[in-house]
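# Results of the structural survey
Below are the chains, spelled out letter by letter.
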Amino acid sequence: QIGKLWGLGDIQIGDAIGIARTTSERHHFAPPTLESVIAPRRPADKGALHVALAQFAEQDPLINLRLDDTRHEIFVSLYGEVQKEVIQATLVNDFNIDVEFRETTTICIERPIGAGAAVEILREETNPFLATVGLRIDPAPIDTGVEFRLAAEVLGTMPLAFFKAVGETAHETLRQGICGWQVTDCKVTMTHSGYAPRQSHAHQGFSKSMSSTGEDFRNLTPLVLMSALQQAGTTVYEPMHRFHLEIPADTFGATVPLLARLRAVPQTQEMRGSSYMLEGEIPAARVHELQQLLPELTRGEGVLESAFDRYQPVDGTIPTRPQTDHNPLDRKEYLLHVVRRV
């Protein structure tokens, strides 16, 4: 059933309306598997576009924005090509912003292969930050996300704010792994910690050059974590959709080779009257192409339904995505941007 409500300014997709359920039931939304660069047709609208998309993201947690600070581009995550048309129309009608999208690409993920560890020690010659950070990364069960925890030996060794800075930065850093994709299903453990206590020059106030700050830990954490991740190694996974396809029986012979070319794998097939029903898996990257080719192949009678099912390891050439900020995988480049020296 469909109802219409208005006046709910702070509501988001996924919020419950009415009497709360007594069970612990949770709604699960499949992750978006596509993304595209969105840009205003009028360059002067760039700031307004960012504000409008931020409002979208607040209202709809399923809309993810990814900012490329290096190339000054905005990426929008998508569930399908039709969503582009919806976003375009909404931006024109509600914000008077005309936009265009670039080619849609698939969103992959990375998972650690093994364990890795790294540490940077305070006041060592190679460490320009007033902080000690040691991190270990280990694989975790599928669909558990990223867990940050403290090893027993580091508990109570420094102020809580510094631990918090490391934990928050670890989550931010893992949005881009070795191949540029978000790293998930892993545990990050802080194994070493250290800081320079608050100090000052004689008869003067607090000296940042002598005392650790949260910025030291936020700047050092990406170097340590990515070094540990390189040691662990990662596997890139691509999203797979489960499809349900109904076609006229006489088009079956032409449809099966197309499915094979698109790397779709029918797992069940059944004859129902004058129709064939096929179900199986297809890479998310090939769903749109199947949607485009199906009408001509089936005289417009083919019916396709698909939805995200799981991730599977990429077979063949590993896809990569450019880093969107200062790359901690390249120590020299990272330090030149962060501290202006190597």
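Every chain is numbered on its own, with residues counted from 1 as its sequence reads. Where local features are concerned, this predicted model is filtered to residues with pLDDT of at least 70; where side-chain atom pairs are given and counted, the filter is 80 or more; whole-chain, interface and lining totals use all residues. Heavy atoms from the whole structure form the basis of all side-chain values; hydrogens and water molecules are not counted.

Let us now look at the overall build of the protein. Numbering of helices and strands runs from the N terminus, with a helix taken as a DSSP run of H or I at least four residues long and a strand as a DSSP run of E at least two residues long. Helix and strand content of the protein: seven helices and 15 strands. Residues classed as buried in the protein amount to 41% of the 342 residues present. Contacts were defined at the residue level, with two residues in contact if any of their heavy atoms lie within 4.5 Å. Taking as baseline every contact in the protein between residues at least 6 positions apart, the subset at least 24 positions apart corresponds to 74%. The method behind every accessible area is Shrake-Rupley, applied with a 1.4 Å probe, and residues are considered shielded solely by the protein chains displayed. In the form shown here, the protein has an accessible surface area of approximately 19,500 Å², with 51% of it arising from carbon and sulfur atoms. Both charge centroids of the protein, one from 32 positive and one from 44 negative side chains, sit 5 Å from each other. Burial classes follow relative accessibility: with a 1.4 Å probe on protein chains only, a residue under 20% of its type's maximum area counts as buried, one over 50% as exposed, and anything between as partly exposed. Note on charges: Lys and Arg go in the positive column, Asp and Glu in the negative column, and His and the chain ends are not counted at all. The atom standing in for a charge is NZ when the residue is Lys, CZ when it is Arg, CG when it is Asp and CD when it is Glu.

If you check the backbone angles, Asp143 has positive phi at about 70° while not being a glycine. Secondary-structure assignment places Asp143 in the loop between strand 8 (131-139) and strand 9 (146-150). At Arg263, a residue that is not glycine, the phi angle is positive and equals roughly 65°.

Attention now moves to a nonpolar patch on the surface. To count toward a patch, a residue needs a relative accessible area over 30% and no salt bridge; like charges are then connected within 9 Å, while nonpolar side chains (Val, Leu, Ile, Met, Phe, Trp, Tyr) are connected within 5 Å. The working definition used for a salt bridge is a side-chain nitrogen of Lys or Arg within 4 Å of a carboxyl oxygen of Asp or Glu. Taken together, the side chains of Leu5, Leu8, Ile11 and Ile17 make up a nonpolar region of the molecular surface, amounting to roughly 380 Å² of accessible area. Along the chain, the position of Leu8 falls in the segment before strand 1 (34-40). Residue classification places Leu8 among the partly exposed residues on the basis of a relative accessible area of 44%.

Below, the discussion takes up the environment of Leu174. Tracing the sequence through the fold places Leu174 in the loop between helix 3 (160-173) and strand 10 (182-183). A relative accessible area of 1% means that Leu174 is categorised as buried. Spatially, the C-alpha atoms of Leu174 and Ala140 are 14 Å apart, while their sequence positions differ by 34 residues. If sequence neighbours within four positions are ignored, Leu174 has contacts with Ile137, Val146, Trp181, Gln182, Val183, Cys186, Val188, Leu225 and Leu229.

Further remarks concern the side chain of Gln83. Structurally, Gln83 is set in helix 2 (residues 81-95). Within polar-contact distance, the side chain of Gln83 engages the backbone nitrogen of Tyr79 at 2.7 Å. Not counting residues up to four positions away in its chain, the partners in contact with Gln83 are Ile63, Ser77 and Leu78. Under this definition, polar contacts are N or O atom pairs within 3.5 Å; protein pairs additionally need one hydrogen-donor-capable and one acceptor-capable atom, and for neighbouring residues in sequence, both atoms have to be side-chain atoms.

Let us look at the pattern of salt bridges. For the coordinates displayed, the defined rule picks out 19 salt bridges. Among the ionic pairs, Asp45 bridges to Arg42, the shortest N-O distance being 2.6 Å. Judged by relative accessible area, Arg42 falls into the partly exposed class, the value being 40%. By sharing partners, the salt bridges in this structure join Glu35, Arg66 and Arg321 into a single network.

We now examine helix 5 (residues 252-261). Buried within helix 5 we find Phe252, Thr255, Leu258 and Leu259. Seen along its axis, helix 5 keeps its buried residues to an arc of 125°; they face one direction. Those residues of helix 5 that are exposed and aimed more than 90 degrees away from the buried face are Gly253 and Ala260. With its phi angle positive at about 65°, Arg263 sits one or two positions after the end of helix 5. Within this analysis, the arc is defined by the directions that extend from the helix axis to the C-beta atoms.

Turning our attention to the pairing of strand 3 (residues 73-78). Most of strand 3 sits out of view: six of its six residues are buried. The criterion for strand pairing is that DSSP finds at least two bridges linking the strands in question. Examined bridge by bridge, strand 1 and strand 3 share five bridges and lie antiparallel to one another. Counterpart to Val37 in the pairing with strand 3 is Phe75. Sheet topology places strand 2 (residues 65-68) next to strand 3; four bridges connect them, and they run antiparallel. By the bridge assignment for strand 3, Leu67 is matched with Ile74.

Further remarks concern the packing of helix 3 against helix 4 (residues 214-232). Angles here are taken between N-to-C directions and fall from 0 to 180 degrees, while the axes themselves are lines fitted to C-alpha atoms, restricted in helices to the stretch in contact. Interaxial distance between helix 3 and helix 4 falls to 8 Å at its minimum, and their mutual angle equals 45°. The angle between the axes of helix 3 and helix 4 places the two elements in the oblique class. Here helix 3 and helix 4 pass one another in a crossing that is right-handed. Every residue of helix 4 that contacts helix 3 at Phe162, Ala165, Val166, Thr169, Ala170 and Thr173 is listed here: Gly214, Phe217, Arg218, Thr221, Pro222, Leu225 and Met226. In this count, Pro and Cys sit with the nonpolar residues alongside Ala, Val, Leu, Ile, Met, Phe, Trp and Tyr, while Asp, Glu, Lys and Arg are called charged and the others, Gly among them, polar. In terms of residue class, the contact of helix 3 with helix 4 is made up of eight nonpolar, four polar and one charged. Any angle that is under 35 degrees is reported as roughly parallel, and any over 145 degrees as roughly antiparallel; angles of 65 to 115 degrees are reported as roughly perpendicular and all others as oblique. Two helices crossing with the near one rotated counterclockwise from the far one by less than a right angle form a left-handed crossing, whereas a clockwise rotation gives a right-handed crossing.

The next point concerns the sheet that holds strand 9. The strand order 7-8-11-9 describes an open sheet built from four strands, whose pairing is mixed. Edge positions in the sheet fall to strand 7 (116-120) and strand 9, since each has one partner strand and no second. With direction set aside, neighbouring strand axes in the sheet form an average angle of 15°. In this sheet, strand 11 (residues 186-195) lies alongside strand 9 in parallel orientation, the contact comprising five bridges. Bridge assignment links Leu150 to a residue of strand 11, and that residue is Met190. Across the sheet, helix 3 lies against strand 8, strand 9 and strand 11, angled at about 160° from strand 9, the strand it touches most.

Next up on the list: the environment of Gly114. The residue Gly114 is located in the loop between strand 6 (109-112) and strand 7 in this model. Spatially, the C-alpha atom of Gly114 lies 23 Å from that of Val154, the residues being 40 residues apart in sequence. Ignoring any residue separated from it by four or fewer positions in sequence, one finds Gly114 in contact with Ile137, Asp138, Pro139, Ala232 and Gly233.

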